[in-house]
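# An overview of the molecular structure
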Amino acid sequence: MKTIIEPFKIKSVEPIRFTTKEERTEILKEAGYNPFLIHGDDVIIDLLTDSGTSAMSAKQWAGIMDGDESYAGSRSFYRFEKAVKEITGDKIIIPTHQGRAAEKILFTILGGKGKVIPNNTHFDTTRANVEFSGAEAVDLLCEVGKHPEQRADFKGNMDIEKLDKFIQETGVENIPVVMITITNNSGGGQPVSMQNIRDTKEICKKYGLPLFIDACRFSENAYFIKKREPGYENKTIKEICQEIFSYADGSTMSAKKDALVNIGGWLSVNDEELATQFRNLLIVTEGFPTYGGLAGRDLEAIAQGLEEIMEESYLQYRIRSTEYLGEKIVAAGVPIIEPPGGHAIYIDAKRFLPSVPPHQFPGQAIACELYIEGGVRGVEIGSVMFGKYDKAGKPVAPSMELVRLAIPRRVYTQSHIDYVAEVIIEVFKNREKLSGYEFTYAAPILRHFTARFKPVD
Ligand SMILES: *Cc1c(COP(=O)(O)O)cnc(C)c1O
C-alpha cells in the first residue's frame, strides 16, 4: 500500500516561530508551569486541543465572504439548518456560539438540584454545566474503557447493564435526560459502536427517557464504525451518521470539532415544547434563533464544513495520522491509551512516570517537559483537571492520569507529526529526571485553565 497523503494542497501558510530550550524553560516558568498560560506564538507544535483549530478550506473561506448577515432569516442560517437537519434528522436546530453554550441551555432547562444525568463520560464543560445547574453528572463507561493498556474496538461504549441498574436505583423521575458522547473525548477519543448507541436507546425507551448525543466528533465516530463494526463496511459515512442520530432525541454540538470551523455549535431537538424553552433562553443568552451567537458567515462555514467532514479521503487521512503518531511512540515503549483514538493520542502518565504520585500531577510534569524539550503543547487530563478532595481534604484521584496530544484538523503534515514523536520519545528516555508539581493557585471550577504551579523539590 502506498503512503496515505494529506488529501489537500496548501494555499495559505502560517509561519512557525522557533524558540530554544533555554527560552522555553523561562517561558514555562513565567506561565506558572501551565501550558494553557503560554502565548500561542511561543509554541512550535500546538496539540493543546483540536477545538477551533481546524484549517478551513477554500470553499469555507468563500462561504465566509458569501455569508448573509441579516439579523433575522439569514440565508446562511437556512443553509446551516439544512445541513444539520440532513445529518441529525432533528426538527429544530438552534445555533449556539460553541458546544458549552448548547450545554448551558440544555441543563438550565433540564438540570437543577436533585437531578442526575448519566453519560458514558461527561466532557469537562458538560460536567461543569450539569453541576453548575445543581444537578449531578454520572459517568457509566464500559469496563474496558477504564483500562488504558487493553485494546478493544469500542472503548467509548456506555455500560448498558450499569445504565439500566442506575436508572432503577436513581428513579426515572430524577433523570431528565441520558447523554452519550461520541467519540468519548475524556476517555481517550474512543469510539462508541452503533450497537451500543442502539442499546442505550432501548434502555431510554424502556424508561421513557430522552437520549441526547454529545456529537462533537460524530464523523470520526462514524468512520470507526465503518472500519470496525460488521455490517457497516459498505455504508457511506453520511448513512452511518444518519443512523447514529436516528436513535437520539436531540444533540449538543461543538462545530469547533467535526464541522471544521473555528467557532460555532448547535443544540438540536425533536420535541417542540422543549425547543420553545431552549429558544427562549437562547434569545436571552446567545441571540435571535436564526443566528444564536454567531455571524451569518460562521453558519455558512459550518454548513460547508459539515459536507467536507464526511468525505472518506479526509477521514482516512485524519484517523491514520493519529494512529501513525501512536504507533511510532508505542514502538519506542511509550505507554498510551490503546488503540489510538480519533482526534488525539493520550499518554498514560501513570505508567510513563510511576515515580510521581497522582497528587503531584504526573501528567502535568510530562506536559511541561514536552514543551521544554520541543515546544510541543499538550494538556493534562488527570488529577489537575478532574481531581477531587474528600471531607478530610485528602486528594481523590480520577481513575486515569493522562496527557492529551490533540491533533488539529488539516493543520499539520507528516513531518510535523514525526517531529512530535521524536520529542515524546526524548522526554520518555529522560523520564527519571522529571519531578512532580504542586498548585500555587487553583480556581474552584474548571481549575486547569487558570491554575499556576511550582515544581516539587
Ligand atoms: C469540546 C467539547 C465540548 C464543548 O464544546 P466547546 O465548543 O468547547 O464549548 C463538549 N463535549 C465534548 C465531548 C467536547 O469535546
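Residues numbered from 1 in each chain as written. Predicted model: local features only at pLDDT ≥ 70, side-chain atom pairs only at ≥ 80, totals over all residues. Heavy atoms only, no water.

### Section: the overall build of the chain
Across its full length, the chain carries 16 helices and 16 strands. Rg of the C-alpha trace for the chain: 21 Å, near the compact-globule value of 23 Å for 457 residues, within the 12% margin. Judged by the C-alpha coordinates and their principal axes, the chain covers about 60 × 55 × 45 Å. Of the contacts formed within the chain by residues at least 6 apart in sequence, a portion of 72% connects residues at least 24 apart. Charge-centre separation for the chain: the mean point of 55 positive side chains lies 0 Å from the mean point of 64 negative side chains. (Helix = DSSP H or I, 4+ residues; strand = E, 2+ residues; numbered from the N terminus. Rg over C-alpha atoms; globule rule 2.2 N^0.38 Å. Contact = heavy atoms within 4.5 Å. Lys, Arg positive; Asp, Glu negative; His and termini not counted. Charge placed at Lys NZ, Arg CZ, Asp CG, Glu CD.)

### Description of the sheet that holds strand β9 (residues 344-348)
Pairing in this open sheet of three strands is antiparallel, and the strands run β9-β14-β11 from one edge to the other. Across the chains shown, the open sheet's two edge strands, defined by having one partner strand only, are β9 and β11 (379-381). For this sheet, the mean angle separating the axes of adjacent strands, direction not counted, is 35°. Sheet topology note: the β9/strand β14 (residues 402-406) ladder contains five bridges and is antiparallel. (Pairing = 2+ DSSP bridges. Axes fitted to C-alpha atoms, helices over the stretch in contact; angles between N-to-C directions.)

### A word on the site of the ligand
Neighbouring residues of the ligand: 15 residues in total, closest Arg 100, Asp 214, Arg 217, Ser 254 and Lys 257. Gly 99 is positioned such that a nitrogen or oxygen atom in its backbone is 2.9 Å from an oxygen atom of the ligand. Taken by itself the ligand offers 380 Å² of open surface, and the protein chains cover 98% of this. Elements that contribute at least two residues to the shell around the ligand include exactly α4 (99-110) and α5 (124-132). (Near = heavy atom within 4 Å. Polar contact = N/O pair within 3.5 Å; in protein donor to acceptor, adjacent residues only side chain to side chain. Areas by Shrake-Rupley, 256 points an atom, 1.4 Å probe, with all protein chains shown as cover.)

### Brief notes about the sheet that holds strand β5 (residues 178-181)
Taken together, five strands build an open sheet; the order of strands is β2-β8-β7-β6-β5 and the sheet is mixed. For this open sheet the edge positions go to β2 (92-96) and β5, each flanked by a neighbour on one side alone. Ignoring strand direction, the axes of neighbouring strands in this sheet form an average angle of 15°. Examined bridge by bridge, β2 and strand β8 (residues 265-269) share five bridges and lie antiparallel to one another. Residue pairing across strands places Ile 93 opposite Ser 268, the latter belonging to β8. On top of the sheet, helix α10 (residues 272-285) reaches β2, β6 (211-214) and β8; it is set at about 20° to β2, its chief contact.

### With respect to the nonpolar core
A general tendency of soluble globular proteins is for nonpolar side chains to be buried together. Of all hydrophobic cores here, the largest spans 61 residues; its most connected members are Phe 218, Ile 244 and Leu 306. Counting the residues that make up this core, at least three belong to each of domain 1 (21-50 + 311-455) and domain 2 (58-308). Beyond its immediate chain neighbours, meaning those up to four positions away, Ile 244 contacts Ile 182, Met 194, Ile 197, Ile 213, Phe 218, Asn 221, Ala 222 and Ile 225. Listed in part, the 46 residues of the second largest apolar core include Leu 325, Tyr 371, Ile 417 and Phe 453. (Core = buried A, V, L, I, M, F, W, Y, C linked by side-chain atoms within 4.5 Å. Buried < 20%, exposed > 50% of the residue type's maximum accessible area, 1.4 Å probe, protein only. Domains from an automatic or database assignment.)

### Remarks on the packing of helix α6 (residues 160-170) against helix α7 (residues 194-207)
For the pair α6 and α7, the least separation of the axes is 10 Å and the interaxial angle reads 15°. Overall, the two elements α6 and α7 adopt an arrangement that is roughly parallel. Seen from above, α6 lies across α7 with right-handed handedness. Residues Ile 160, Leu 163, Asp 164, Ile 167 and Gln 168 of α6 touch α7, and the partners they reach there are Asn 196, Asp 199, Thr 200, Ile 203, Lys 206 and Tyr 207. Within the contact of α6 with α7, the residues separate by chemical class into five nonpolar, three polar and three charged. (Parallel < 35°, antiparallel > 145°, perpendicular 65-115°, else oblique. Left-handed = near helix turned anticlockwise from the far one by under 90°. Nonpolar A, V, L, I, M, F, W, Y, C, P; charged D, E, K, R; others polar.)

### Concerning the domain arrangement of the chain
Entries for the chain in the domain assignment read domain 1 (21-50 + 311-455) and domain 2 (58-308). For domain 1 and domain 2, the distance between their C-alpha centroids amounts to 26 Å. Each side of the interface is counted separately: domain 1 has 30 residues, and domain 2 has 35 residues. Note on domain 1 versus domain 2: buried area summed over both sides is about 2900 Å², and carbon and sulfur give 56% of it. The three residues of domain 1 that bury the most area against domain 2 are Leu 315, Pro 339 and Arg 409, which together make up 19% of that side's buried surface. For the interface between domain 1 and domain 2, the tally reads seven salt bridges. Here Arg 410 makes a salt bridge to Glu 308, at a shortest N to O gap of 2.9 Å. Our enumeration of links across domain 1 and domain 2 arrives at 19 residue pairs in polar contact (both at pLDDT 80 or more). Counting only elements with at least two residues in the side of domain 1 that touches domain 2, the list comes to α12 (312-331), β9, α15 (383-386) and β14. The element contributing the most residues to the side of domain 1 that touches domain 2 is α12, with six residues. Looking at the side of domain 1 that touches domain 2 residue by residue, the class counts come to 14 nonpolar, five polar and eleven charged. (Buried area = accessible area lost by both parts, 1.4 Å probe. Salt bridge = Lys/Arg side-chain N within 4 Å of Asp/Glu carboxyl O.)

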